[in-house]
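# Chains, contacts and geometry: an overview
Spelled out from the first residue to the last, the chains are:
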Amino acid sequence: MEVSRVDTCLADSRQQYIQDIFDDFRISSTHAFLLVDVPELPSRFDDLVDILRNIAQLVRQKKLRCLINELPVIDTGDLVEYEILRHAHMLYSIVTNSYVWQDGEFQAPKVLPKQLAMPLTDLSRKVELPPVVCHASLVLANIIHIDQSKPLELGNMSLKYSLPGDKSCDWFFLATGNVELKILPVLKTLLECQWSVEQKHVNEVTSCLCELANHIDDLTAAFMRMHEGLDADKFYHELRPYLGGWDKIGMIYEGVSDRPIKMTGGSAAQCTGIQAIDIFLQVQHNSKFLLNMRNYMPGVHKRFLLHLENICRTRDFVEHNSRDNEDLVMAYNKCVEAVANLRTNHIQIVAKYILIPKSQKQNGDFQRLDNVGTGGQDLIPFLKKLRNLTRSFLL
């Protein structure tokens, strides 16, 4: 009976440890980093919402810029609720990228009009996100739970807003949202393992690492569901151009700055969960690009990664206890291999959806992304380097 009470106390302590971290860094106990079903905006935003609802047609007809230029500057000063702020940021950031790239990169404006620049900058400051589309706006705040009586999963979610391009390209964001859902068990197991490391419970750490490896494999399987509903040519030629930023040309934000502001576009590297796994395993990439991508995460999630960097010494713990615990080392290596496998599959996705369409037909209006990712990084060389460096941390 006494042993049972001790086990219960330990379990309660472990769960409280996880919940406290979730609460501190705005991590949902049901959806992880996703903000599902963001609340509606005040009615003064209706015109802009209507524009975004028809964004594909307006861009195709080259009418978006004219409509935006006729709008007033909408006051965002009274918006304070976090989820409403994230909704507004999503709205403005998607319209902004659509506005910039409506006529292709060779006719991109040098100035973002104040109707977009001023509200977007204010909203970005409040939610600690950049004034451009990013993973947080395209995916994290963009998921709708269709049937509330059933679990949220890939077949039971839709997008709040779509980008220009074929409607089938919504699958790109839906599949990515499903990946974010699979990050929840990763985070819970990761933090459970961290608690066990702090308690120096070797057996529990071993068990948690084995479980974590399985969850990372589930993450990879979710990622590969991209193949089920996304056409490579439509993604490359119709959607991808609108994911890019202006890290090369810069953009003057009217009413905000007289000098061009350079912004990177959306990137998978802006996924907090993937970087959290690397930090937990002490897989160090020493990549300026990955560090910069943290600036495109919600500020509270960036601070979560900094918190993990301060507390996680998983690899050190495994090495210190490796002599008499072969199972512990094997469990750690299983996690590292699972991450490397995830990166291998990412390379395959990039080859299918970017390299092959590019080799078959050039996109005349958009050439800036031919050899780089929407985040501005070299594609295959960068991903292979991450994968190979990950494997170098095997024990």
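Read on for a plain summary of the structure. (Residues numbered from 1 in each chain as written. Predicted model: local features only at pLDDT ≥ 70, side-chain atom pairs only at ≥ 80, totals over all residues. Heavy atoms only, no water.)

Moving on: helix 8 (residues 170–198). Over its 29 residues, helix 8 extends 42 Å from the first C-alpha to the last, a length consistent with the 42 Å expected when each residue adds 1.5 Å. The buried fraction of helix 8 amounts to 24 of the 29 residues, a majority that puts the element mostly inside the structure. Immediately beyond the C-terminal end of helix 8, within one or two residues, lies Lys 200, with a positive phi of roughly 60 degrees. (Helix = DSSP H or I, 4+ residues; strand = E, 2+ residues; numbered from the N terminus. Expected span 1.5 Å × (residues − 1). Buried < 20%, exposed > 50% of the residue type's maximum accessible area, 1.4 Å probe, protein only.)

The nonpolar side chains of a soluble globular protein tend to be buried with one another. Of all hydrophobic cores here, the largest spans 140 residues; its most connected members are Ile 68, Leu 187, Leu 209, Leu 281 and Phe 304. If sequence neighbours within four positions are ignored, Ile 68 has contacts with Leu 48, Ile 51, Val 95, Tyr 99, Pro 113, Gln 115 and Leu 116. (Core = buried A, V, L, I, M, F, W, Y, C linked by side-chain atoms within 4.5 Å. Contact = heavy atoms within 4.5 Å.)

On to the packing of aromatic side chains. Tallied over the full model, the rule gives eight aromatic pairs. For the ring pair Trp 101 and Trp 246, a centre distance of 6.2 Å and an interplane angle of 50 degrees mean the geometry is tilted. Residue Trp 101 is found in helix 5 (residues 82–101), and its partner Trp 246 is found in the loop between helix 11 (232–239) and strand 4 (252–253); the two are separated by 145 residues along the sequence. Here Trp 101 matches Trp 246 in class, with each residue buried. Measuring from ring centre to ring centre gives 6.0 Å for Phe 235 and Tyr 353, while their planes differ by 85 degrees; the resulting arrangement is edge-to-face. In this pair, Phe 235 sits in helix 11 while Tyr 353 sits in helix 16 (residues 326–360), placing the two residues 118 residues apart along the sequence. Just as Phe 235 is buried, Tyr 353 falls in that class too. One aromatic cluster is present, formed by Phe 172, Phe 173, Phe 235 and Tyr 353 through successive ring pairs. Cation over ring: Arg 26 sits above Tyr 82, and NZ or CZ is 4.0 Å from the ring centre. Stacked on the ring of Tyr 99, the Lys or Arg Arg 65 has its end atom at 5.6 Å from the ring centre. (Phe/Tyr/Trp six-rings, centres within 6.5 Å; stacked < 30°, edge-to-face > 60°. Lys NZ or Arg CZ within 6 Å of the ring centre and 35° of its normal.)

Here Arg 14 is to be found in helix 1 (residues 2–24). Classification of Arg 14 by relative accessible area gives buried; the value is 18%. Among the polar contacts made by the side chain of Arg 14, one reaches the side chain of Glu 192 at a distance of 3.5 Å. Ignoring any residue separated from it by four or fewer positions in sequence, one finds Arg 14 in contact with Glu 192 and Trp 195. (Polar contact = N/O pair within 3.5 Å; in protein donor to acceptor, adjacent residues only side chain to side chain.)

Between helix 8 and helix 12 (residues 272–281), the least distance of the axes is 10 Å, while the angle of their chain directions is 25 degrees. Taken as axis vectors, helix 8 and helix 12 run roughly parallel relative to one another. Like other packed secondary-structure pairs, helix 8 and helix 12 cross with a definite hand, here left-handed. Here Ile 183, Val 186, Leu 187, Leu 190, Cys 193 and Gln 194 of helix 8 come into contact with helix 12, specifically with Gly 273, Ala 276, Ile 277 and Phe 280. Tallied by class, residues from the contact of helix 8 with helix 12 come to eight nonpolar, two polar and no charged. (Axes fitted to C-alpha atoms, helices over the stretch in contact; angles between N-to-C directions. Parallel < 35°, antiparallel > 145°, perpendicular 65-115°, else oblique. Left-handed = near helix turned anticlockwise from the far one by under 90°. Nonpolar A, V, L, I, M, F, W, Y, C, P; charged D, E, K, R; others polar.)

Moving on, we come to the environment of Leu 174. Its place among the elements puts Leu 174 in helix 8. Here Leu 174 falls in the buried class, since its relative accessible area comes to 11%. Along the sequence, Leu 174 and Leu 209 sit 35 residues apart, while their C-alpha atoms lie 29 Å from each other. Leaving out residues up to four positions away in the same chain, Leu 174 has contacts with Ile 143, Leu 154, Met 157, Ser 158 and Leu 159.

Keep in mind these numbers describe shape, not what the thing actually does.
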